[in-house]
Amino acid sequence: MNKERLAILFITSFLIFSQVLFGQQPVVKSKYKVTFLGRTYYSHVVQKGQTLSGISAAYNVSEKEISLANPEVFTGLKIGQTLKIPVLEQENTENIIDNHRIFHTVKKRQTLFYITNLYQVDEKEIIRLNPDLKKGLKAGMILTIPNKKEEAQVIAENYIYHKVKSKETLFSLANRYGVQMREIIALNPSVKKGLKVDQVLKIPKGNYVVDEKLEVNTENTDENQPKKQEPCVDYAYKKKEIFEVALMLPLYINDNYSRSTSFDELGFFNKSERFMEMYEGALLAVDVMRKKGLSVNLRVYDTEKNPNKVRSILLRPEMKDVDLIIGPVYSENVKIAGEFAHRNKISIVSPLSQNKSLINGNPYLFQVIPSENARVEQTANHLAKHYDKSIIVIHNGTAAEQKMIETYRRKLVSTDAFRSSINEIVFKQINYKSSKVSDIEDALSVGLDNIVIIPSSDEVFVSVIVEKLAFLANKYKITIYGLSEWEFFRNSDLNYMNKLNLHFPSSSFVEYQGKKANDLVIRYRTYYKSEPSQYAFQAYDIMYYFLNVLMRYGKDFHNCISDNPKLKDIDGARLKFNFKKKNNWSGYENQGVFILQLQEDMMLKSVN
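Residues numbered from 1 in each chain as written. Predicted model: local features only at pLDDT ≥ 70, side-chain atom pairs only at ≥ 80, totals over all residues. Heavy atoms only, no water.

Draft legend 1. Main features of the overall build of the protein. Per the secondary structure count, the protein includes 19 helices and 24 strands. Within the protein, buried positions represent 51% of all 608 residues. Per element, the accessible surface of the protein, about 30,300 Å² overall, is 50% carbon and sulfur. (Helix = DSSP H or I, 4+ residues; strand = E, 2+ residues; numbered from the N terminus. Buried < 20%, exposed > 50% of the residue type's maximum accessible area, 1.4 Å probe, protein only. Areas by Shrake-Rupley, 256 points an atom, 1.4 Å probe, with all protein chains shown as cover.)

Structure representation (C-alpha cells):
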C-alpha cells in the first residue's frame, strides 16, 4: 500500500468504522435476446432494488463479464437501464420447440432454479411433467417445459389485434402504432371507460410515424414561473469565523489497513479507491480556500456504505453544530442524512446520487448530479436556442423513451427561446420497432438541417439506427442528439457518429487545456505524486463551490444559490453549477449540463 499517500489523506480526518449491510430484490431473467457483433446477449432492464451481484447470479454470468459488456455499470446501476448480458455458450444450443412444449437439454452447472427463471415456468409444473427430477437434475437430461409464450399482437390484413398489458395507456398505444387515439377509440368504443389488462383492441395499421405540429406557448407558463423563495440575507464574512464542514465518504479505513482483503494496483482496498480520490480532491479545495482566508474545520467520517454507521455518526453531539454536510454518496444513506439535516436546518450536498426523489420535501438538500430528466430538459433548451427546423425522434417504443419524448415535447413548447421566435414546431416521431427504413428517409428534408433525437441507452439499437442514418447522411444534412450514456459505448462506430455531427448532454466535462483543470492537475501532482481521476475532480469542484458559497453568503446560503449569476465564476473544472428548486417545498437540483459535440478529431467539445 502507498503509505505516504494514505498518510497525507488521514492528517485532518476523524474516522469511524463499521460493517456493510446489503439488501437486494430478486432478478427475473429476461426472455429477450439481441445479437451484436456476432455475440448473443440477453437484454435485461434493471428494476428497483436489483444489484449487479443479483443479476450475475440470475444469469449465471460473472460480474466482470457483465461489466465488460456494459462499462457504465462502474458508475452504478440505474432503474430502467438496459444491460447486455452475455449468453453462455451452452445456452446457444437450440432447444426443440413446438406450439405447446419446449424440450430443454440440461447443461453442466444448470440448476432447476436457473431453468425456471429461463422459461418463466413454475418449478412444480416442470416437476409434474418430468417425474425423474425427483431423483435429481443431471447434465444431459431432456426436460419437457410448457411453452407459455403468448404473442401480444396478431397482425391481420387491415388491422393489428393488440392484447393490453399492465400500465399501457391509449397514449402509449397510439404512439407505438403511429395512429391517433381517436382512431383506436372509434374501433373500440369500450375503451372510453378505460383500458383493461388482457383486453384485445383492434388497431388500424399506420405507417408508425407520428407527425405533429407543437403549438408554442406564448404566455409564461407555470413551469417558467420562478419558485417562491425567501430573500437572500446580506452577509459579510469575518476572518475569525470558522465554518464546520462534515465530509461523509465510504473510505473503508479498516480494510485499507488490513492485509486480509484484496487491494488494487494503486495500493487501496478495491472498494475504496474512488472515494479516497474524492477525499484527496476535497482536501485540495480546502487548502485553496484556506489560502483565500476562509477558516474551515473539516471533519471526515467513514460511512463504509453502511446505513447503521451513518445513523451512529449522526447521533454524535458535534453533528448538530456543523454548517454543511457533504455526502454520503449512496442514495439510501443520503436519505438518512438528509432527514437529519432537514430536522436541524443544515445544508447537505448529495455528491453522486441521481435519485431525484431525495430532494422532495427537503429544502436543505442539494443534488449535484443532474437527473436524466434535467439532462433531457437542458438538451431541449439547447435545441430551442439553436434550431427552428423540424425535429425527428426515432425510438424503440419503450416506456422510458416515451417519458423522455414527452419531456422534449413539454420543454420545446415552453422554453423562452422558441416563444420569442416562432409559433409552432414540426415534431415527428418514428417507432422503429414497428416501422420500415423508408419511414426514416420519408421524415427527412432535403436542404434543411434535420435534427434527429434518439432517446435510447441501448447500444445495440442505437448502433443500428446510427448506421442507417450515416448512410442517409450522403443525401441529407443530419445532426443527431443522444443521451449521456453514449459516452460509455464501446462498440459503436465513431466515424458514423462523427458524420452525423453527434451531440449529447453530460453532467460533467473536463477541458484539460483550460486554466481550472490545468491548475488542479498541477496541485494534485504536487501533493499526491499521481494524476487526478474523475472522482478527484468531482470532489474538488463540489468542495470548492460550496466553501465559496459559505464565504459569500454564510451558512444560510440556500436562499441565495438558485439561479444566481454571481456564482458563475466558481463553476468547476469538471462540473457546472446551476441549482434550481423543483417546487416551493423541495430541495435543489443542479441543472448545470454540458452539451457535448463530437469533433472531427474525435475529441469532445462543450458547445454551451
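Don't stop here, the text continues.
Draft legend 2. Region of the structure containing the sheet that holds strand E12 (residues 295-302). Taken in spatial order, the seven strands make up an open sheet running E12-E11-E13-E14-E15-E22-E21, and their pairing is mixed. Pairing within the sheet leaves two strands with one partner each, and these edge strands are E12 and strand E21 (579-581). Averaged over neighbouring strand pairs, the angle between their axes works out to 20 degrees when direction is ignored. For strand E13 (residues 324-326) and strand E14 (residues 347-350), the ladder comprises three bridges, and the chain directions are parallel. For Leu324, the partnering residue across the bridge sits in E14 and is Ser347. Of the strands in this sheet, strand E11 (242-249) and E12 are in contact with helix H9 (residues 273-291), which crosses E12 at around 170 degrees. (Pairing = 2+ DSSP bridges. Axes fitted to C-alpha atoms, helices over the stretch in contact; angles between N-to-C directions. Contact = heavy atoms within 4.5 Å.)

Draft legend 3. Structural view of empty space enclosed by the protein. On inspection of all chains with the given rule, the structure shows three cavities of 30 Å³ or more. If you trace the second largest cavity, you find it lined by Leu247, Leu249, Met278, Ala282, Ile326, Pro351, Ala539, Ile542 and Met543. Secondary structure elements with two or more residues in the lining of the second largest cavity: E11, H9 and helix H19 (534-553). At three residues, H19 tops the list of elements feeding residues into the lining of the second largest cavity. (1 Å grid on protein atoms, 1.4 Å probe; cavity = no way out; pocket = protein on both sides within 12 Å on 5 of 7 lines; lining within 4 Å. Points joined across faces, edges and corners; volume = space filled by probe spheres on them.)

Draft legend 4. Quick look at the nonpolar core. Counting residues in each nonpolar core, the largest one holds 59 residues, and the members touching the most others are Met543, Phe546 and Ile561. Elements represented by at least two residues in this core include exactly E11, H9, E12, E13, helix H18 (515-528) and H19. Per element, the largest residue contribution to this core is 14 residues, and it comes from H19. If we ignore the near neighbours within four places in the chain, the residues touching Phe546 are Leu324, Val349, Phe366, Val368, Phe557, Ile561 and Phe579. Membership of the second largest hydrophobic core comes to 47 residues, among which are Phe461, Leu469, Tyr481 and Phe509. (Core = buried A, V, L, I, M, F, W, Y, C linked by side-chain atoms within 4.5 Å.)

Draft legend 5. Up close: the packing of aromatic side chains. Enumeration according to the criterion identifies 20 aromatic pairs in this entry. Arranged with centres 5.6 Å apart and planes meeting at 90 degrees, the rings of Phe366 and Phe579 form a pair that is edge-to-face. With Phe366 in strand E15 (residues 365-367) and Phe579 in strand E21, this pair connects stretches of sequence that are 213 residues apart. Grouping residues by exposure puts Phe366 and Phe579 together as buried. (Phe/Tyr/Trp six-rings, centres within 6.5 Å; stacked < 30°, edge-to-face > 60°.)

Draft legend 6. Fine view of helix H2 (residues 52-59). With six of its eight residues buried, H2 lies for the most part within the structure. Listing the buried residues of H2 in full gives Leu52, Gly54, Ile55, Ser56, Ala58 and Tyr59. Of the residues trailing H2, Asn60 is marked for its positive phi of about 60 degrees.

Draft legend 7. Spatial organisation of the state of the cysteines. Tallied over the entire structure, the rule returns one disulfide. Paired by a disulfide, Cys232 and Cys560 hold their sulfur atoms 1.9 Å apart. Here the disulfide of Cys232 and Cys560 is right-handed, its torsion about the S-S bond being about 95 degrees. One end of the pair, Cys232, is in the loop between strand E10 (209-215) and E11; the other, Cys560, is in the loop between H19 and E21, and 328 residues separate them in sequence. With relative accessibility at 35%, the residue Cys232 sits in the partly exposed group. (Disulfide = S-S within 2.5 Å.)

Draft legend 8. Highlighting the pattern of salt bridges. For the structure on display, the rule yields 14 salt bridges. Note that Glu485 and Lys78 form a salt bridge whose closest N and O atoms lie 3.9 Å from each other. Of this pair, Glu485 sits in the loop between strand E19 (477-481) and helix H17 (494-499) while Lys78 is found in the loop between helix H3 (63-69) and strand E3 (82-86), placing the two residues 407 residues apart along the sequence. Note on Glu485: relative accessible area 12%, which makes it buried. The partner of Lys475 in a salt bridge is Glu441, with the nearest N and O atoms 3.3 Å apart. Taken as a pair, Lys475 in the loop between helix H16 (459-472) and E19 and Glu441 in helix H15 (residues 437-443) lie far apart in primary sequence, 34 residues in all. (Salt bridge = Lys/Arg side-chain N within 4 Å of Asp/Glu carboxyl O.)

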